[in-house]
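A structural walkthrough
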Amino acid sequence: MKTSITPNCPLPFSNHSNVLLAHGGGGRLMNELIEKLFLPAFRNRLLDQRHDGAVIEVGGQRLAFTTDSYVVQPLFFPGGDIGTLAINGTVNDLAMCGARPKWMSAGFIIEEGLAMETLARVVRSMEQAAAVAGVHLVTGDTKVVDKGKGDGLFINTAGLGVLEHNVVIAPSRVVAGDVVLLSGDVGRHGMAIMSVREGLQFESVIESDCAPLVGPVMALLDAGVEVHCLRDLTRGGLASALNEIAGVARVQVDIDESAVPVRDDVRGACEILGLDPLYVANEGRLVAFISPRDLPLALDVLHAHPLGEGATFIGTVGAGTPGLVTVKNGLGVARVLDLLSGEQLPRIC
Amino acid sequence: MKFLDEYRDAALTRQLAAKLAQRVTRPWTLMEVCGGQTHAIVKFGLDTLLPPGLELVHGPGCPVCVTPIELIDKALEIAARPEVIFCSFGDMLRVPGSKMDLLSVKARGGDVRIVYSPIDAVKLAQDKPSREVVFFAVGFETTAPANAIAVAQARQFGLKNFSLLVSHVLVPPAMEAILASPDNRVQGFLAAGHVCAIMGYTEYEPLVRKHRVPIVVTGFEPLDILQGLLMCVDLLESGRAEVENQYTRAVRREGNRPALELVREVFRVVPRKWRGIGEIPQSGLGLSEAYAEFDAEMRFGVAGVGAEESGECISGLILQGVRKPHECPAFGARCTPDHPLGATMVSSEGACAAYHRYRRVQAATH
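Here the structure is a predicted model, which means the values were calculated and not measured.

Our focus in this paragraph is the overall build of chain B. The number of helices and strands found in chain B is 15 helices and 11 strands. Across its three principal directions, the C-alpha atoms of chain B cover 65 × 45 × 45 Å.

Structure (structure tokens):
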């Protein structure tokens, strides 16, 4: 019998015949998509680093390059909107490469019928956020799709930044012995979005932590802290960021739950919905993997910056089991901090 | 956080664990009935603080886990219809039916939505009079009153486009089934505190008399669970089979009377199939005759849908406390939260998912 191999038909890389929301949720399914479809198709040395952006060298100058798309609903939420996210998200991805963000592009995909005032508000937010982060929007694109074919407004931004320090910051540089710092409290962005999206009322308004992290990153590098890896905490929260880095660096990461700051209102909202704040999204927080020698210096530097004043030392890197992340609770018992399949789902009771 | 941190105090937890170690003089096997308790035990690592010989087995009290596969298939069939908005609590969406789950129906164009309360589904039915709004009424006695209110409201508002797909289950018949099983190893129970907040605990008194097992109504925080265990061990060590209430801040013996009255008006007790266990007589709730018009199974003609479970999944034995999750050959290999064979791997309250999420490494090395 003849066996036919159709080159256009790749081996089934997924048990799912359709794309699920979870494939974009920052969890295991998204990793599966990246590892089994995107990486094999586009494989190269830079992509294989699996960092927030790629660092390329042009005429002796190292540049960081990244892109991100923003599809948040609602477009406006306490503490920010899709415009501030579109600037800060890309700025933060560049900062995580150790770069100073300089130039950005913006692509707008607008649904027919969107209120002009809404678009103008978003653009004004982008203008302000770009000024705060010190970036210039130097190119762009506008598309309008039929009513019902978009969700009001999608934005894609790409960014270029300049590496001013002679350092390599990447997950592969994380080694056993490194210490892990967190720049502040977690879970605010996700709960701010959820409280608006689901119409949940809490005693206080939870505001997103959306902010450009270039300031604290530059402060760390300027002070000479030996930074091995940086990661901003977005979808999937702290837990997913730690899992991704532990996986790429082939190390074990052990953190202490009581060292992770979570505001009381965020913790309360998470309790009510049965969510774990360690998996909830942030837009203005980072983890830094640094040499243990520089721990006191790094904490001092972060504490002196408004976006790092709540920074804490949350854990250590060990050789242990590659890819494993554990968290020790207040009772001193350690458990696995796993990568979720997709987004967290609220529980029944 | 007020009313929460007090019940997670590390020093008090250790004190209670030490007391428990002093009180235990021989091996005992206890079952925590509720999936919420299982989740807390594994998350906080309470089982690692227990004295040797005191074994916890995880009970059938995860409503997501025990919802039978044919009911999931019915939900999938209804949710795929173009006129339907299918509303469910979040963690039902990933439970596999015989071919797919609700998230996959959504990806193929079905209008499947997560709601936080059945009342939200009633509001949706008011707002979308041209659509059929179906709420997946899953849960133990705890969620029955809210679902009863939803149906009563729908009638009051004259809504013709709202219905419930009911999969309510009752705890005491399941405990009876476990105790009556020839494989039973359970010598005492931590009863589910939130179920008892609605139902009270008079139903457990005949069970205790018949099977001579102590039952302690217990809460969900670390201190609640350890105190419940201590009370249960104390009863066992002193040879007393009684019902005691640890969760006094939420539970009274007679339960919540107004809630019970409403539940009895809207629902009636019916036989119910439990996933992995089989049919247990008088173990579920269905809509009463007076509210039968709100029954989604009848409205959409899916009453006849049947399905078979995966032959490899041992969730039934796990739900009865006969086996532990990591004793299953498929655990962590062919059965993971991404590709669950059975519902105990899906729900965050399911014993297999809790072990997979918090315990994989320890389970593998022990």
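Further remarks concern helix α10 (residues 204-211) of chain B. Residues and elements named next belong to chain B. Within α10, burial applies to Tyr204, Leu207 and Val208. Down the axis of α10, the smallest arc covering the buried residues is 100 degrees, so these residues share one side. The outward face of α10, more than 90 degrees from its buried face, is lined by the exposed residues Pro206, Arg209 and Lys210. Immediately beyond the C-terminal end of α10, within one or two residues, lies Arg212, with a positive phi of roughly 55 degrees.

All right, on to the domain arrangement of chain B then. Residue and element names in this part refer to chain B. One can read the domain layout of chain B as domain 1 (1-310) and domain 2 (315-365). Each of domain 1 and domain 2 was reduced to a C-alpha centroid, and the two centroids are 19 Å apart. With 30 residues of domain 1 at the contact, the number on the domain 2 side is 21 residues. Counting only elements with at least two residues in the side of domain 1 that touches domain 2, the list comes to α2 (35-44), β2 (54-61) and α3 (63-66). Here the side of domain 1 that touches domain 2 takes six residues from α2, the largest share from any one element.

Here we take up the confidence of the model for chain B. Averaged over all residues, the pLDDT of chain B equals 91, while 97% of them reach at least 70. Predicted complex, confidence summary: ipTM 0.80, pTM 0.86.

A few words on the sheet that holds strand β10 (residues 252-256) of chain A. Residue and element names in this part refer to chain A. As summarised here, the arrangement of the seven strands in space is β9-β11-β8-β12-β10-β13-β14, forming an open sheet in which the pairing is mixed. Where the open sheet ends on each side, the last strands, each with one partner, are β9 (227-232) and β14 (334-336). Adjacent strand axes in the sheet meet at a mean angle of 25 degrees when their direction is disregarded. Of the pairings in the sheet, the one linking β10 to strand β12 (residues 312-318) comprises four bridges and is antiparallel in character. Bridge assignment links Asp254 to a residue of β12, and that residue is Thr316.

Here the residue pair A:Gln73 and A:Pro74 is connected by a cis peptide bond, since its omega of 0 degrees sits within 30 degrees of zero. Within the secondary structure, A:Pro74 sits in the loop between β2 (61-70) and β3 (76-77). Residues other than glycine seldom take positive phi values, yet A:Arg50 does so here, at roughly 50 degrees. Looking at the secondary structure, you find A:Arg50 in the loop between α2 (45-48) and β1 (54-58). One non-glycine residue, B:Arg212, lies in positive phi territory at about 55 degrees.

Our next topic: the interface of chain A and chain B. Between chain A and chain B, the residue contacts involve 26 residues of the former and 39 residues of the latter. Counting residues per element, the ones that place at least two in the side of chain A that touches chain B are α1 (28-42), α8 (264-273) and β14 of chain A. Ranked by residues supplied to the side of chain A that touches chain B, first place goes to α8(A) with four residues. Residues that form the side of chain A that touches chain B fall into these classes: 11 nonpolar, seven polar and eight charged.

Reading guide: rules and limits
- Residues numbered from 1 in each chain as written.
- Chains lettered and ligands numbered in written order.
- Predicted model: local features only at pLDDT ≥ 70, side-chain atom pairs only at ≥ 80, totals over all residues.
- Helix = DSSP H or I, 4+ residues; strand = E, 2+ residues; numbered from the N terminus.
- Buried ≥ 20, exposed ≤ 12 C-beta atoms within 10 Å, placed from the backbone.
- Arc of directions from axis to C-beta.
- Domains from an automatic or database assignment.
- Contact = placed C-beta atoms within 7 Å.
- pLDDT = per-residue confidence, 0-100.
- Pairing = 2+ DSSP bridges.
- Axes fitted to C-alpha atoms, helices over the stretch in contact; angles between N-to-C directions.
- Nonpolar A, V, L, I, M, F, W, Y, C, P; charged D, E, K, R; others polar.

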